[in-house]
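Listed below, chain by chain, are the residues.
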Amino acid sequence: DERIPLDLLEGNEAENRFRDHVNSLRAAQRKAELRKQFEQLLSDNHQVCAGKSLSEVAIFFLGRECFSSLSEHDKQAIYESHQRDLRDRARRDFQELLLEQSAYLSAYRHGQVTTEDLQDIDARLLHEPRYRGLARLEEDRRVILPNHLG
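Two side chains of opposite charge can pair, provided their charged atoms sit close to one another. The tally for this structure, following the rule as stated, stands at 16 salt bridges. When the shortest N-O distance is used, the salt bridge between R130 and E128 registers 3.5 Å. Close ionic contact of E138 with R141 constitutes a salt bridge, the shortest N to O distance being 2.9 Å. Note that E138 and R141 are positioned in helix α9 (residues 138-149) at a spacing of three residues, about one turn of the helix. On the basis of relative accessible area, E138 is assigned to the partly exposed category, the value being 30%. With relative accessibility at 5%, the residue R141 sits in the buried group. Via salt bridges that share partners, E96, E100, E128 and R130 belong to a single interconnected network.

Encoded structure:
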């Protein structure tokens with residue numbers, strides 16, 4: 001018989017353990033809600049862009065319960081995940097821009113791309129939002145562009 005004896009269930013210890021369990025479930029649910037709210041806050045804030053650190057944008061979240069209630073570890077983990085998404089999106093957008101500019105860029109597909117070629121391309125694309133999306137990720141831009149041309 002695997003049932004719990006009634007006399008154990010009626011005791012104060014069982015009630016205390018049950019309350020502790022309910023409280024831990026509520027705390028876990030609250031933490032999940034705060035995490036979701038912080039993710040939404042990051043998505044809604046236009047100051048958060050690919051390449052910015054959490055310390056640079058934290059000022060925009062001060063006073064928000066979802067920011068102040070989470071641990072530093074949780075905030076950093078959520079922010080890093082959001083940054084990965086932003087970086088991936090910025091890279092895809094930049095590659096899309098390069099594909100759209102293929103007629104212009106075909107002039108640079110002569111083999112070895114020089115620094116002057118890259119400067120010409122930079123000058124042409126500078127005002128494109130998808131080009132500026134990688135402004136803080138210059139290294140990514142410097143890898144994607146020659147790979148696209150090569």
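Along helix α7 (residues 115-125), the residues that are buried comprise D117, L118, I121, D122 and L125. Down the axis of α7, the buried set is contained in an arc of 135 degrees. They therefore lie on one face. Exposed side chains of α7 directed beyond 90 degrees from the buried face belong to T115, E116 and A123. Those residues of α7 that are buried are in contact with α5 (72-100), α6 (102-105), α8 (129-132) and α9.

The next point concerns the nonpolar core. The biggest cluster of nonpolar side chains holds 32 residues, and the ones touching the most others in it are F38, F61 and F94. Among the elements of the structure, α2 (12-44), α3 (54-57), α4 (65-68), α5, α7 and α9 are those that each provide at least two residues to this core. Not counting the four nearest positions on each side in its chain, F38 is found in contact with L54, F61, C66, F67, L70, K75 and I78.

Moving on: the packing of α7 against α9. Packing of α7 against α9 brings their axes to within 12 Å, and their N-to-C directions diverge by 105 degrees. For the element pair α7 / α9, the angle class is roughly perpendicular. Of the residues in α9, those touching α7 at L118, I121 and D122 are R142, L145 and L149. Class assignment for the residues of the contact of α7 with α9 results in four nonpolar, no polar and two charged.

Cut-offs used in this document
Every chain begins its residue count from 1, and numbering advances along the sequence as written. Two thresholds apply to this predicted model, a pLDDT of at least 70 for residue-level local features and 80 or more for giving and counting side-chain atom pairs, whereas whole-chain, interface and lining totals are computed over all residues. Derived side-chain values reflect all non-hydrogen atoms in the structure, with water molecules and hydrogen atoms excluded from consideration. A pair is scored as a salt bridge if a Lys or Arg side-chain nitrogen falls within 4 Å of a carboxyl oxygen belonging to Asp or Glu. Numbering of helices and strands starts at the N terminus; helices are DSSP runs of H or I of at least 4 residues and strands are runs of E of at least 2. Type-normalised accessible area, obtained with a 1.4 Å probe on protein chains alone, sets the label of each residue: buried when under 20%, exposed when over 50%, and partly exposed for intermediate values. The arc under discussion is defined with respect to the helix axis, by the directions toward the C-beta atoms. Only heavy atoms matter for contacts: two residues are in contact if any of them lie within 4.5 Å across the pair. The set of buried Ala, Val, Leu, Ile, Met, Phe, Trp, Tyr and Cys residues whose side-chain atoms join them within 4.5 Å is what this entry labels a nonpolar core. Think of each axis as a best-fit line through the C-alpha atoms, taken over the contacting stretch in the case of a helix, with angles from 0 to 180 degrees between the N-to-C directions. Orientation is classified from the angle alone, with under 35 degrees giving roughly parallel, over 145 giving roughly antiparallel, 65 to 115 giving roughly perpendicular, and any other angle giving oblique. Polar here means any residue outside two lists: the nonpolar Ala, Val, Leu, Ile, Met, Phe, Trp, Tyr, Cys and Pro, and the charged Asp, Glu, Lys and Arg; Gly therefore counts as polar.

Fair warning: the whole summary comes from geometry, so function is off the table for now.
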